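# Survey of secondary and tertiary structure
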Amino acid sequence: MAIEARNVSKRFGDFVALDDVSVEVESGSLTALLGPSGSGKSTLLRVIAGLEQPDTGAVFISGKEATVLAPQKRGVGFVFQHYAPFKHMTVWENVAFGLKIRRRPKAEIRARVDQLLDLVQLAGLGKRYPAQLSGGQRQRMALARALAPEPEVLLLDEPFGALDARVRAELREWLRRLHDEVHVTTVFVTHDQEEALELADRIVVMNRGRVEQIAPPRELYDHPENAFVMSFVGPVNRLGDAWVRPHDVELRLEPNGSTQEAQIERIVRLGFETRVELVRDDGERLSAQLSRDEADELELEPGQIVYVRATRQRTFSA
């Protein structure tokens, strides 16, 4: 394992940020720490980096205990959401900084920085200053700088959170390709379920300082271990004691004995898919997710009466 956090707890006054958390991260993997604000995901990342000391528990990196090691001795690269580059340095100098303070040979620095700028698609922009870059370019520069000293582990704290939706989507795709090329063990924090599902090999779902479930994206979505994971990872309807994904809600124009009457309140067309918001005759609200072709075939309209049933549902013990 590249990273092990064993029974880690951390308090800030009366607030319990981490409560007996244990996580293992495989070498070369891309792991997401996913959860709402206050769930402990950023605190766990900072404990791994050495920026916070746990009250109890231990951290191991590449099999060696790192709990009391200073951050610079852990072999980690760290990228924050609001990356603060050296504004008076060029892009090339920012990326080279970590190598220079480690007194690497000049020829090695030149070769490494040029290689990284090409890798993060900033070749030809080395002479620019950070203020002359777009937000997405600055984040790619931050990743290049973190990768320059060849860290054993790369830690990213909501690296795309300050960017607009289009740039975030582009950088997610780019980061996945980058990881597949360099294979450095990477852990990233996010509260964006889509980001975690799209990028990660494994997802650690956290809530109120504890780990709720650790699993690959598909297993997490299809087989959540509890109601919190079901409700937090992907859209879901709560119908009494049951939980139903919108794509597991079937709509018909005629009843068939297993359906329930519902009225369409709103139709939202989202490119290739259509979301239909309904209220059943028992007052329960729910949404259904259809393909564009399915919605067009049914010729749905707001106010229309349809008949619905759940093709798959989950219940959880308290």
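Model, not experiment: these values are computed from the prediction.

## Section: the pattern of salt bridges
All chains considered together, the criterion is met by 18 salt bridges. Linking Asp201 and Arg176 is a salt bridge whose minimum nitrogen-to-oxygen distance equals 3.1 Å. Residue Asp201 is found in the loop between helix H6 (193–199) and strand S9 (202–207), and its partner Arg176 is found in helix H5 (residues 165–182); the two are separated by 25 residues along the sequence. In this structure Asp201 comes out as partly exposed when scored by relative accessible area, which is 31%. Residue Glu277 pairs with Arg275 through a salt bridge whose shortest N-O separation is 3.5 Å. Under the relative-accessibility criterion, Glu277 is labelled partly exposed at 23%. Here the salt bridges do not stand alone but share partners, grouping Arg172, Glu194, Glu195 and Glu198 into one network.

## Considerations on empty space enclosed by the protein
Scanning all chains against the criterion turns up two cavities of 30 Å³ or more. Volume-wise, the largest cavity comes out at about 80 Å³. Tyr221, Asp222, Met230, Trp243, Val244, Arg245, His247, Asp248, Arg312, Gln313 and Arg314 are the residues that line the largest cavity. Looking at the lining of the largest cavity, the elements with two or more residues in it are helix H7 (217–222) and strand S12 (242–244). Along the lines of polarity and charge, the residues of the lining of the largest cavity split into four nonpolar, two polar and five charged. It is H5 that provides the largest number of residues to the lining of the second largest cavity, a total of four residues. Each residue belonging to the lining of the second largest cavity can be placed in one class, and the counts come to six nonpolar, two polar and no charged.

## Considerations on helix H4 (residues 135–147)
Each α-helix turn comprises 3.6 residues. Residues three or four places apart therefore point the same way. An ideal rise of 1.5 Å per residue puts 18 Å on 13 residues; H4 measures up with 19 Å between its terminal C-alpha atoms. Those residues of H4 not exposed but buried are Gly136, Gln137, Gln139, Arg140, Met141, Ala142, Leu143, Ala144, Arg145, Ala146 and Leu147. For H4, the secondary structure elements touched by its buried residues are strand S6 (76–79), helix H2 (91–101), helix H3 (106–119), strand S7 (153–157) and H5.

## Looking at the sheet that holds S6
Sheet architecture is open: six strands sit in the order S6-S7-S8-S3-S9-S10, paired in mixed fashion. Each edge of the open sheet carries a strand with a single partner, namely S6 and strand S10 (210–215). Taken over all neighbouring pairs, the strand axes of this sheet differ in orientation by 15 degrees on average, direction set aside. Across five bridges, the pairing between S9 and S10 is antiparallel. Residue pairing across strands places Val205 opposite Gln213, the latter belonging to S10. Each of S6 and S7 is contacted by H4, which is oriented at about 165 degrees to S6, the strand it contacts most.

## Concerning the pairing of strand S3 (residues 30–34)
Looking down a regular strand, the side chains alternate between one sheet face and the other. When you tally the buried positions in S3, you get five out of five residues, the bulk of the element. Because side chains alternate across S3, one face comprises the buried residues Leu30, Ala32 and Leu34, and the other comprises Thr31 and Leu33, equally buried. Examined bridge by bridge, S3 and strand S8 (residues 185–190) share five bridges and lie parallel to one another. Bridging across to S8, Ala32 finds its partner in Phe188. Pairing geometry for S3 and S9, over four bridges, is parallel. Bridge pairing in S9 places Leu34 opposite Val205.

Cut-off values and rules
- Residues numbered from 1 in each chain as written.
- Predicted model: local features only at pLDDT ≥ 70, side-chain atom pairs only at ≥ 80, totals over all residues.
- Heavy atoms only, no water.
- Salt bridge = Lys/Arg side-chain N within 4 Å of Asp/Glu carboxyl O.
- Helix = DSSP H or I, 4+ residues; strand = E, 2+ residues; numbered from the N terminus.
- Buried < 20%, exposed > 50% of the residue type's maximum accessible area, 1.4 Å probe, protein only.
- 1 Å grid on protein atoms, 1.4 Å probe; cavity = no way out; pocket = protein on both sides within 12 Å on 5 of 7 lines; lining within 4 Å.
- Points joined across faces, edges and corners; volume = space filled by probe spheres on them.
- Nonpolar A, V, L, I, M, F, W, Y, C, P; charged D, E, K, R; others polar.
- Expected span 1.5 Å × (residues − 1).
- Contact = heavy atoms within 4.5 Å.
- Pairing = 2+ DSSP bridges.
- Axes fitted to C-alpha atoms, helices over the stretch in contact; angles between N-to-C directions.

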